[in-house]
Each structure stands twice: as C-alpha cells, then as structure tokens.
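The primary structure of each chain is shown beneath.
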Amino acid sequence: MDFSNASVRFFDEQFQRQIAADNHELNPFELAALPHLQGKTLDFGCGMGNLALQAAKNRCSVVALDASHTAIEHVKAEAERHRLPIKATEADLRTYEIAEDFDSVACIGLLMFFDCTTAHRQLASLLDRVRPGGHAVVNVLIEGTTFMGMFSPEGHCLFKAEELRERFEGWQLLSYERQEFPAPGNTLKVFVTAIARKAAT
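Residues numbered from 1 in each chain as written. Predicted model: local features only at pLDDT ≥ 70, side-chain atom pairs only at ≥ 80, totals over all residues. Heavy atoms only, no water.

Visitor: Even after reading the chapter, I still don't get helix H4 (residues 69–82), so can you show me in this structure?
Guide: For an α-helix, the turn length of 3.6 residues means that residues three or four places apart are oriented alike. Look at H4: 20 Å from first C-alpha to last across 14 residues, which is about the 20 Å you get at 1.5 Å a residue. Within H4, the full set of buried residues consists of Thr70, Ala71, Ile72, His74, Val75, Glu78 and Ala79. A positive backbone phi angle near 55° is found at Arg83, which sits one or two residues after H4. (Helix = DSSP H or I, 4+ residues; strand = E, 2+ residues; numbered from the N terminus. Expected span 1.5 Å × (residues − 1). Buried < 20%, exposed > 50% of the residue type's maximum accessible area, 1.4 Å probe, protein only.)

Structure (structure tokens):
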C-alpha cells in the first residue's frame, strides 16, 4: 500500500478502530446495495469487507479489493473463519486493471478519493465489466460536500449532482438517491448512490 496517500492512511486508522470495536454493521449504502448483489461479485474498495462478507453469506462469490492492508487482512481472516467464497486482495485501485467480468459490481465511497480523470476512467472500467443483465451500485460524494479532511493533496473528485445518472446512460436506473450526513466541524458529506441494471443482450 502507498502510505504516502493521506486518504489511505485516514481510512486505515479508521478501520483499525472499527476492528477494535468489533463493528461489522452495514452502513446505509451497503444495506441498499446488498439485495442487488448476485453471482460473481466485485467489491471495488471493500473497506472493512462488511458488504463483501454478507454478500458471500448470501451465496455470492466475491472478489474484494482495497488499498488498506488492515482492511484486507481483516477480510481474509473473516472469510477463512466463516469459510466464505471471498478472494481479498490489497491493491492500488487508482491503477488497478479489472480483467474479469462480473454479475454485480459495488463501488461504495471510493471514487471521490481519486483525481477526476482517474475516477472517471475506473468508473467506466467498472461498468464495462458488468455482464448483460447484471447490476452496479456506485456511491460517491458530490458537490456540496464541505468535509474535506479525509482527502489527499494528490487530488479528489466531487461529482456533479447528476453526473452518475449520465454515466449510466443505456442502463435501467433502479434508484438514484441523494443523501446528506453531518460531519465534524459543522460540515456536511453529500452523497449520491446509483443502483442500475445493465441491459441484457
């Protein structure tokens, strides 16, 4: 892992606190994603792996990727302990090339930590790797977010409010939800979550 990336360090420390607290609850975005995950599933930026682990318990075969060493070691240990079909790999997701096709893809709370060129490229790659009839769940921070302390100086990307909708052109958009959450220092995190089904051929 590239520890020079401040965002990775920020979340690695957060994951260590969550593991110590034995916190494995799905967040609201993961809860919304779970019913749409099926078959061979990619969790791109899996973090603690709570979604990946639950999807595997629901009979998905999961590829879980994250830049956090702490997170990936935790996912591996939990998958082994529960004998779940999860392949967890530590990777720099800014440059990671997705070489397989999937029935479903989840990318929750990740792309905004890349510069916009990288975020758009990796999003396009994710959507391209969903099989016809499969599902994608993508969650990003959008313009209006004022909590900036988790971003690296290398760059970040606050998406425009309707940008994800445009990038799912040709898909069946099942849900497109904007949500605001209070953050430290009287700031806000503003998210959009898109859940969509790729057209069957």
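Still more to cover.
Visitor: What is the right way to look at the pattern of salt bridges in this model?
Guide: Pairs can form between side chains of opposite charge whenever their charged atoms are close. With the rule as written, the count across this model stands at 10 salt bridges. The closest approach of N and O atoms between Asp92 and Arg94, which form a salt bridge, is 2.9 Å. Using a relative accessible area of 32% as the deciding quantity, one classes Asp92 as partly exposed. Judged by relative accessible area, Arg94 falls into the partly exposed class, the value being 22%. For Asp103, the salt bridge goes to Arg131, with nearest N and O atoms at 3.2 Å. With Asp103 in strand E4 (residues 102–108) and Arg131 in strand E5 (residues 130–141), this residue pair connects regions lying 28 residues apart in the sequence. Classification of Asp103 by relative accessible area gives partly exposed; the value is 23%. Judged by relative accessible area, which is 31%, Arg131 ranks as partly exposed. (Salt bridge = Lys/Arg side-chain N within 4 Å of Asp/Glu carboxyl O.)

Visitor: Sorry if this is basic, but what is going on with the pairing of strand E2 (residues 61–66) here?
Guide: Regular strands have side chains that alternate between both faces of the sheet. With respect to burial, E2 is a largely interior element, five of its six residues being buried. By the bridge criterion, five bridges tie strand E1 (residues 40–44) to E2 in an arrangement that is parallel. Its bridge partner being in E2, Leu42 is matched across the sheet by Val63. Where the polypeptide runs from E1 across helix H3 (residues 50–57) and back to E2, its parallel neighbour, the crossover connection is right-handed. As paired elements, E2 and strand E3 (residues 86–90) share five bridges and run parallel to each other. Across the sheet, residue Val62 finds its bridge partner in E3, namely Ile86. What joins E2 to E3 is H4, and the crossover it makes is right-handed. (Pairing = 2+ DSSP bridges. Right-handed = clockwise from strand over helix to strand, strands pointing away.)

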